[in-house]
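Residue strings, one per chain:
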Amino acid sequence: MKAYILVLTLFALCLFSSQKVFSQDETGISIVNKMIERISSIETVTYLLHKQERIGGKIIEQNSFTKLDVDPFRVYLKEILPKGGVEVLYVKGQNNERAIVNPDGFPWINLKLDPKESLMRKDQHHTVHESGFDHLMQILKFLCEKYKTQIDSMVLNNGTIKYNNLECYSISMTNPYFGYMDYILKENESILEIAQRYRVSEHMILEMNDEIKGYNDLGNGQSIKIPTDYSSKLLLYIDKNKLLPLKMEVYDDKGLYEQYEFSD
């Protein structure tokens, strides 16, 4: 009888141990899918953002506070560094789709500016429309569908790390298919439309093609170069508790292209 109880005990311990190992061996893509599901449920979020973006070969850094509502979409930004005091308020469907900007200096009045035009996009990869996590979610969903037969091998769970004193999944996505291709701009087509269709960086397209002077320049049949995908490599630190990205590093063939760190 004692031997029988001992066997049952050992069997239960082995079963518990195997279940524990299985939970630790969760695949990278399953964690990414959970993160996407979590992002989809967000209604409002506030955070501090430290971003680094490569502009003209140099890394530009900025710190800002953000408060965002998803539906209806509205976002408030306050820059902390390098120009502390600048504020931006954008509400979809209001002010003719323009943002209200407090420059915290000359000309000493609030301005109404188009988020997609050059003045608001100076030294920026993205517009206020891409604030929050939804832009990342849409890129990942697009890539998962595009490479659905290979995605399991492209997205890896590198284990657990400590980041800002929080337990995080370390996830990497390596894309061996990243490169550049020729593209013929259609009549009256902008690079914003191309970037949206292929889920690539419009800033990357702009920097690659000297003949394009602005994001809203319209095509007339000329040949340009565009990236095949958003990045060659993507690194994510995902909060194990909230299942939200706390850090994202994006690489192209030249190295670090952009990095975003979310806190508070």
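Scroll up a little and you will see the structure.
Residues numbered from 1 in each chain as written. Predicted model: local features only at pLDDT ≥ 70, side-chain atom pairs only at ≥ 80, totals over all residues. Heavy atoms only, no water.

Some thoughts on helix α2 (residues 28-40)
Next, step 1: Taking 1.5 Å per residue, 13 residues should reach 18 Å; α2 reaches 18 Å between its end C-alpha atoms and fits that length.
Next, step 2: Restricting attention to buried positions, one finds in α2 the residues G28, I29, I31, V32, M35, I36 and I39. Projected down its long axis, α2 shows its buried positions confined to an angular sector of 155°, all on one face.
Next, step 3: Lining the buried residues of α2 we find α4 (134-146), α5 (151-154), β7 (155-163), β8 (166-174), β11 (233-239) and β12 (245-252). (Helix = DSSP H or I, 4+ residues; strand = E, 2+ residues; numbered from the N terminus. Expected span 1.5 Å × (residues − 1). Buried < 20%, exposed > 50% of the residue type's maximum accessible area, 1.4 Å probe, protein only. Arc of directions from axis to C-beta. Contact = heavy atoms within 4.5 Å.)

Topic: the side chain of T228
Next, step 1: Along the polypeptide, T228 turns up in the loop between β10 (223-227) and β11.
Next, step 2: Of note is the side chain of T228, whose polar atom sits 3.2 Å from the backbone oxygen of Y177.
Next, step 3: A distance of 2.8 Å separates a polar side-chain atom of T228 from the backbone nitrogen of G179.
Next, step 4: Those residues in contact with T228, other than ones at most four positions away along the chain, are K146, Y177, F178, G179, Y180, M181 and V200. (Polar contact = N/O pair within 3.5 Å; in protein donor to acceptor, adjacent residues only side chain to side chain.)

What to know about the pairing of strand β5 (residues 99-102)
Next, step 1: What you see with β5 is a clean split: A99 and V101 sit on the buried side and I100 and N102 on the side with no burial.
Next, step 2: By the bridge criterion, three bridges tie strand β4 (residues 87-91) to β5 in an arrangement that is antiparallel. Each residue of the ladder has a partner; that of V88, found in β5, is V101.
Next, step 3: When β5 meets strand β6 (residues 111-113), the two strands line up antiparallel, connected through three bridges. Within β6, the position partnered with I100 by the bridge is K112. (Pairing = 2+ DSSP bridges.)

A look at the packing of aromatic side chains
Next, step 1: Considering all chains together, one arrives at nine aromatic pairs under this definition.
Next, step 2: Consider the rings of Y147 and Y177, whose centres lie 5.1 Å apart with planes at 10°: the pair is stacked. One end of the pair, Y147, is in the loop between α4 and α5; the other, Y177, is in the loop between β8 and β9 (180-184), with 30 residues separating them in the sequence.
Next, step 3: With 5.5 Å between their ring centres and 70° between their planes, F178 and Y180 make a pair best called edge-to-face.
Next, step 4: Owing to a relative accessible area of 29%, Y180 belongs among the partly exposed residues under this scheme.
Next, step 5: Taken together through their ring pairs, the aromatic side chains of Y47, F133 and F262 make up a single cluster.
Next, step 6: Across the ring face of Y215, the terminal group of R121 is positioned such that the distance to the ring centre comes to 3.7 Å. (Phe/Tyr/Trp six-rings, centres within 6.5 Å; stacked < 30°, edge-to-face > 60°. Lys NZ or Arg CZ within 6 Å of the ring centre and 35° of its normal.)

As for the sheet that holds β6
Next, step 1: Taken in spatial order, the 11 strands of this open sheet run β6-β5-β4-β3-β2-β1-β13-β12-β11-β8-β7, and their pairing is antiparallel. If you trace the sheet from one side to the other, it starts and ends with β6 and β7, each paired once. Across the sheet, the mean angle from the axis of one strand to that of its neighbour is 20°, orientation sign disregarded.
Next, step 2: Where α2 meets the sheet, it contacts β7, β8, β11 and β12, and its direction lies at approximately 70° from that of β7.
Next, step 3: The sheet strands contacting α4 are β8, β11 and β12, and the helix crosses β11 at an angle near 120°. (Axes fitted to C-alpha atoms, helices over the stretch in contact; angles between N-to-C directions.)

A word on the pattern of salt bridges
Next, step 1: Scanning the entire structure with this criterion turns up 12 salt bridges.
Next, step 2: Between R54 and D252 there is a salt bridge, and its shortest N-O distance comes to 2.5 Å. Residue R54 is found in strand β1 (residues 44-55), and its partner D252 is found in strand β12; the two are separated by 198 residues along the sequence. Judged on exposure class, the residue R54 and its partner D252 are both buried.
Next, step 3: K247 is the partner of E249 in a salt bridge, and the nearest nitrogen-oxygen pair spans 3.2 Å. (Salt bridge = Lys/Arg side-chain N within 4 Å of Asp/Glu carboxyl O.)

Observations regarding α4
Next, step 1: Taking 1.5 Å of rise per residue, the 13 residues of α4 would be expected to cover 18 Å, and the 18 Å separating its terminal C-alpha atoms lies within 8% of that figure.
Next, step 2: By the burial criterion, the buried members of α4 are L136, M137, I139, L140, L143 and C144. Seen along its axis, α4 keeps its buried residues to an arc of 165°; they face one direction.
Next, step 3: Where the residues of α4 are buried, they touch α2, α5, β8, β11 and β12.

What about the side chain of R199?
Next, step 1: For R199, the location among the structural elements is in the loop between α6 (191-198) and α7 (202-208).
Next, step 2: For the buried R199, no salt bridge is present, and the opposite-charge side chain at shortest range is D134, 6.7 Å distant.
Next, step 3: Sequence-distant contacts of R199, defined by excluding residues within four places in its chain, comprise Q138, F142 and Y230. (Lys, Arg positive; Asp, Glu negative; His and termini not counted.)

Quick look at the nonpolar core
Next, step 1: With 47 residues, the main nonpolar core has L140, I171, M173, L234 and L236 as its most contacted residues.
Next, step 2: Grouped together as the second largest cluster of nonpolar side chains are 13 residues, I205, L206, I224 and I226 included. (Core = buried A, V, L, I, M, F, W, Y, C linked by side-chain atoms within 4.5 Å.)

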